[in-house]
Amino acid sequence: MSIRNIFLITLAIGFLFLAAGCKSESKSEIKVVNFEQLEPAFTKNDDVLYVVNFWATWCGPCVKELPHFMEVYEEFKSNKKFKMILVSLDDSDNLETAVKSFIIRMNLKGELYLLDDIKKMNEWIPAVNKDWSGSIPATLVIKNGQTLSFDSRDLSKDELIERISKHL
Amino acid sequence: MKTISKIAGLLMITLFSFGTLSAQGGYKIGDEATDFKLKNVDNKMVSMADFKDAKGFIVIFTCNHCPYSKAYEDRKIALSKKYAPLGYPVIAINPNDPAAEPMDSFELMQVRAKEKNFPYPYLFDDGQKIYPQYGATRTPHVFVLKKENNKHIVKYIGAIDDNYKNANDVSNKYVEAAVDALLAGKEVEVKTTVAVGCSIKVKK
């Protein structure tokens, strides 16, 4: 093999890695978790403001508010002390179909999870917030394990920004 | 001046408490539950008072359209078959407004009851007057009542069990445990659980 060919192949492989790297940055990967696995993601003592939104593809008001959650995400994402976490309560059976296609279509960003922990609902619903009935959409704003706000309803873009900028 | 501000303060507190009461609404454990007179799918009116020999009731707010209600249909039938002979009949009540959710009309209730051969009354909360008194927020939403001195006392509120998705993978049968305890004259251990289901449909 000539040096020129080796060089070309290495370049090609290099581009492949670059492309793969770029793809995983913009690709919205979703992790299926139970609550025990999910909770540490937003209860860290790291001075980071976490916005945790509970939603599902079958929830009309959730679907309606997600685009402006994404607009707000774009505004704040460069701030290292801000993180947006989207938690889908869709049926895990629908992950590969309804959920993933929805994520791609809506271009959902942030840390994406599907919470699959049906039998523990009676425990994790009150753990997220003692007054929560479990209805969605619901948005928790939390820092260092301390709840700063919890809304068991849809939020307007302004309301969301207000809850964030107050604590950043 | 001082008296006026005191009165104003008292007034505000009263107004706020009423506000909170009406906002939360519904029964707590130990409250007396209201009876009702609602139309069954066979067009007859049904009240808890009709069940002279009952020791209590398993009141389930449920409907036709909600996937969670549907997922529990066989389990509701099983509860009825097990506990009606023991003195705790199931009474199902549809709390939804058909104007908000057409699939929960009285006619479609009759269709479903016939399809599944419901062994229990399936009543229509006409005008949606009963469910707000109970404080039901979801379908299904269970209220287990025990008759004490001719009153229906709330002993359990919440879900039927811990797995709406898979009847074969249930670890906690909340309603059965509650009724078993009441039948044995014991205290109900798990008195309330989060009700999992669809929101109750109200016309806006």
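All values derive from a computational prediction rather than experimental measurement. (Residues numbered from 1 in each chain as written. Chains lettered and ligands numbered in written order. Predicted model: local features only at pLDDT ≥ 70, side-chain atom pairs only at ≥ 80, totals over all residues.)

Peer 1: Lay out the interface of chain A and chain B in plain terms, naming residues and giving numbers.
Peer 2: Counting residues at the interface gives nine residues for chain A, matched by 10 residues for chain B. Looking at side-chain class alone, the side of chain A that touches chain B contains four nonpolar, four polar and one charged residues. (Contact = placed C-beta atoms within 7 Å. Nonpolar A, V, L, I, M, F, W, Y, C, P; charged D, E, K, R; others polar.)

Peer 1: Kindly report on the sheet that holds strand β4 (residues 56-61) of chain B, identifying the contributing residues and their values.
Peer 2: All names here are of chain B. Pairing within the open sheet is mixed, and its eight strands lie in the order β1-β9-β8-β4-β5-β6-β2-β3. With one partner strand each, in any of the chains shown, β1 (32-33) and β3 (45-46) form the two edges of the open sheet. In the sheet, strand β2 (residues 38-40) pairs with β3 via two bridges, with the strands oriented antiparallel. Residue pairing in the sheet places Lys39 in a bridge with Met45 of β3. (Pairing = 2+ DSSP bridges. Helix = DSSP H or I, 4+ residues; strand = E, 2+ residues; numbered from the N terminus.)

Peer 1: Got a sec to walk through the sheet that holds strand β1 (residues 30-33) of chain A? Specific residues and values, please.
Peer 2: Residue and element names in this part refer to chain A. Across the sheet, six strands lie side by side as β1-β4-β3-β2-β5-β6; this open sheet has mixed pairing. In the strand order of this sheet, the two ends are held by β1 and β6 (146-151), each with one partner. In this sheet, adjacent strand axes meet at a mean angle of 25° when their direction is disregarded. As defined by bridge partners, strand β2 (residues 49-55) adjoins strand β3 (residues 82-88) across seven bridges and the pair is classed as parallel. The residue bridging Val51 from the neighbouring strand is Met84, located in β3. With respect to the sheet, helix α4 (residues 95-106) is in contact with β1, β3 and β4 (111-115), its orientation differing from that of β1 by roughly 135°. (Axes fitted to C-alpha atoms, helices over the stretch in contact; angles between N-to-C directions.)

Peer 1: Explain the confidence of the model for chain B to me, and be specific about the residues and the numbers.
Peer 2: All names here are of chain B. Of all residues in chain B, 88% attain a pLDDT of 70 or more, and the chain-wide mean is 91. Counting interchain partners and residues more than four positions distant, the pLDDT-below-50 stretch residues 11-23 has zero contacts. Across the interfaces of the predicted complex, the ipTM metric reaches 0.81, alongside a pTM of 0.84. (pLDDT = per-residue confidence, 0-100.)

Peer 1: Report on the environment of Val144(B), specifying residues and quantitative values.
Peer 2: Residue and element names in this part refer to chain B. Note on placement: Val144 falls in strand β8 (residues 141-148). For Val144, a count of 28 C-beta atoms within 10 Å gives the class buried. Between the C-alpha atoms of Val144 and Lys39, which are 105 residues apart in sequence, the distance is 21 Å. (Buried ≥ 20, exposed ≤ 12 C-beta atoms within 10 Å, placed from the backbone.)

Peer 1: Summarise the nonpolar core; cite the residues concerned and give the values.
Peer 2: Core analysis: the largest hydrophobic core is formed by 83 residues, its most contacted members being Ile58(B), Ile93(B), Val142(B), Phe143(B), Val144(B) and Val175(B). Not counting chain neighbours up to four residues away, the residues in contact with Phe143(B) comprise Tyr27(B), Ala33(B), Val59(B), Tyr134(B), Val154(B) and Ile157(B). (Core = buried A, V, L, I, M, F, W, Y, C linked by C-beta atoms within 7 Å.)

Peer 1: Lay out helix α3 (residues 73-83) of chain B in plain terms, naming residues and giving numbers.
Peer 2: All names here are of chain B. Turning to α3, its buried residues are Lys76, Leu79, Ser80 and Tyr83. Angularly, the buried residues of α3 cover 95° about the axis, an arc narrow enough to put them on a single face. When the buried face of α3 is taken as reference, the exposed residues oriented beyond 90 degrees from it are Asp74 and Lys81. For α3, the secondary structure elements touched by its buried residues are β4, β5 (90-94) and α6 (174-183). (Arc of directions from axis to C-beta.)

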